[in-house]
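# Geometric and topological summary
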Amino acid sequence: MRALTSNDEHDGDGASALLAAIVSSSDDAIISKTLDGVITSWNAGAERLFGYTAEEAVGQPMTLIIPLERGDEEKEILRRIRSGQRVEHFETIRVTKSGREVHVSLTISPVHDRQGRVIGASKVGRDISDRKRAVEETQSAQQLLRLIVDNAPALISYIDRDYRYRFNNRAYQIWFGEAYQNIAGKLVSEVVGAAAFEKLKPHMDAALAGQMVSYDDQIPYRHAGTLWINANYIPDVANDGTVKGFAGLVHDVDERCTIPAT
């Protein structure tokens, strides 16, 4: 084995200094702890995220920032670390000094000594509260949209270039006697019947060619019977100009179009 020289020592000092600078300047919270869960280091990112200074946090148990109801998480993490496992992108909730809960993504790695024994853990925590909030807002918007379209007195759908349903509202269940959740993925001809599809297809072709389509016609649906409808098709045009499919809005206007007997 080559003897350690003064150059090696200087190289080691330089690497340590670089690592310390990276940890200090990181936007992420970087924390180390013992196998008993006691905090041994706490960078500036951890101070910003959790509100505790390094002086306040070092020497304290990790439960300092863990909600009481999530105490079992730390036990499981320490169990996995002791066995040499790495915990990656674990999403959970932690609590700040002010008591505010934050959503975080954690990656925890075991720390080994020169003999390869696990002696502690290094934890990187990232605040994902904004991302979680955006996801929740998107889900709320989707739920609201679903509520609106499912209670609309019309057929609302999205049909792709293969004439296959990708979205259907609840009205399809009323018209065609099949759970609307089961219709997505089926061909239009399978749902409405061959005769109805033959009459609908020219209008659908126009929409798939990029045209806004609006028409009244009498359609012989397989299950709903022959009905006068008012249909509107709105093409879904990509940035490159290709048409990916179209949204359809169909009203039953049978009573409006039926001519009374004389």
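In this report, the structure presented in the accompanying data block is examined. Just so it is clear, the structure is predicted and the values come from calculations on it, not from any experiment.

## With respect to the sheet that holds strand β8 (residues 213–221)
- Within the open sheet, the 5 strands sit side by side as β7-β6-β10-β9-β8. Their pairing is antiparallel. Since the sheet does not close on itself, it has two edges, and those belong to β7 (165–168) and β8, each with one partner. Shown here is a sheet whose adjacent strand axes are inclined to one another by a mean of 30 degrees, direction ignored.
- Relative to β7, strand β6 (residues 155–160) is paired through 3 bridges, and the arrangement is antiparallel. Paired with Ser157 across the two strands is Asn168, which belongs to β7.

## What to know about the nonpolar core
- Membership of the largest hydrophobic core comes to 31 residues, with the highest contact counts inside it found for Val192, Leu200, Met204, Tyr221, Ile229 and Tyr233.
- For this core, the element with the highest residue contribution is helix α8 (residues 194–208), accounting for 7 residues.
- Residues Ile31, Ile39, Ala46 and Ala121 belong to the second largest nonpolar core, which totals 22 residues.

## Considering helix α4 (residues 71–82)
- An ideal rise of 1.5 Å per residue puts 16 Å on 12 residues; α4 measures up with 17 Å between its terminal C-alpha atoms.
- Within α4, the full set of buried residues consists of Glu73, Glu74, Ile77, Leu78 and Ile81. The buried residues of α4 occupy an angular sector of 130 degrees when projected down its axis, which confines them to one face. Opposite its buried face, α4 presents the exposed residues Asp72 and Lys75, each directed more than 90 degrees away.
- Phi turns positive, to about 90 degrees, at Gly84, one or two residues after α4.

## Points about the pattern of salt bridges
- Following the criterion strictly, the structure yields 20 salt bridges and no others.
- Taking the shortest distance from any N to any O, the salt bridge between Asp130 and Arg133 comes out at 2.7 Å. Of this pair, Asp130 and Arg133 both sit in helix α5 (residues 129–150), 3 residues apart, roughly one helical turn.
- Exposure remark for Asp130: the relative accessible area of 59% places this residue in the exposed category.

## Some details on the pairing of β6
- Along β6, 5 of the 6 residues are buried, which leaves the element largely enclosed by surrounding structure.
- When β6 meets strand β10 (residues 243–252), the two strands line up antiparallel, connected through 6 bridges. Among the inter-strand pairings, Ser157 is bridged to a residue of β10, identified as Gly248.
- Following β6, the chain reverses through 4 residues before pairing antiparallel with β7; Tyr163 in that reversal takes a positive phi of roughly 60 degrees.

## A short note on the environment of Arg79
- For Arg79, the position within the fold is in helix α4.
- In this structure the C-alpha to C-alpha distance between Arg79 and Leu35, which are 44 residues apart in sequence, comes to 8.8 Å.

## A few points about unusual backbone geometry
- The phi dihedral of His89 is positive, around 50 degrees, even though this residue is not glycine.
- Assignment of secondary structure puts His89 in strand β3 (residues 87–95).
- Backbone geometry at Tyr163 places phi at a positive 60 degrees, although glycine is not the residue there.

## Side note on the packing of aromatic side chains
- What the rule picks out here adds up to 9 aromatic pairs.
- Where Tyr233 meets Phe246, the ring centres are 4.8 Å apart and the plane angle is 45 degrees; that geometry is what we call tilted. Taken as a pair, Tyr233 in strand β9 (residues 225–237) and Phe246 in strand β10 lie far apart in primary sequence, 13 residues in all.
- Classification of Tyr233 by relative accessible area gives buried; the value is 3%.
- Ring-pair connections join several aromatic residues into one group, and the members of that group are Tyr165, Tyr172, Trp175, Phe176 and Tyr221.

## Focus on empty space enclosed by the protein
- Scanning all chains against the criterion turns up 2 cavities of 30 Å³ or more.
- Taken as a whole, the largest cavity encloses approximately 100 Å³ of empty space.
- Taken together, the elements giving at least two residues each to the lining of the largest cavity come down to β6, α6 (171–176), α7 (188–192), α8 and β10.
- In this model, the second largest cavity occupies a volume close to 30 Å³.
- What lines the second largest cavity is Ala29, Ile31, Phe50, Met62, Ile65, Arg94, Leu106, Lys123 and Gly125.

How each quantity is defined
Numbering of residues begins from 1 in every chain and follows the order in which that chain's sequence is written. Whole-chain, interface and lining totals are the exception, using all residues; otherwise, since this is a predicted model, local features are given only for residues with pLDDT of at least 70 and side-chain atom pairs are given and counted only at 80 or more. Hydrogen atoms and water are omitted, and side-chain values are computed over all heavy atoms in the structure. Here a strand pair is declared whenever DSSP counts at least two bridges between the two strands. Labels follow the DSSP assignment, with helices taken as runs of H or I lasting at least four residues and strands as runs of E lasting at least two, numbered in each case from the N terminus. Axes here mean lines fitted to C-alpha atoms, for a helix over just the part in contact, with angles spanning 0 to 180 degrees between N-to-C directions. Throughout this description, the term nonpolar core refers to a set of buried Ala, Val, Leu, Ile, Met, Phe, Trp, Tyr and Cys residues connected via side-chain atoms within 4.5 Å. Per-residue accessibility, obtained with a 1.4 Å probe over protein chains only, is compared with the maximum for each type, and a residue is labelled buried under 20%, exposed over 50%, and partly exposed between these values. The span you would expect from a helix comes to 1.5 Å times its residue count less one. The directions from the helix axis to the C-beta atoms are what the arc is built from. Each reported salt bridge corresponds to a side-chain nitrogen of Lys or Arg within 4 Å of a carboxyl oxygen of Asp or Glu. Under the pairing criterion, centres of Phe, Tyr and Trp rings, with the six-membered ring standing for Trp, must be within 6.5 Å; the plane angle then separates stacked pairs below 30 degrees from edge-to-face pairs above 60, leaving the rest tilted. The distinction between a cavity and a pocket rests on a 1 Å grid over the protein atoms alone: a 1.4 Å probe fits inside a cavity but cannot get out, while a pocket stays open yet meets protein on both sides within 12 Å along at least five of seven lines, and a residue with an atom within 4 Å of a point counts as lining. Grid points are joined across faces, edges and corners, and a volume is the space filled by probe spheres set on the points.

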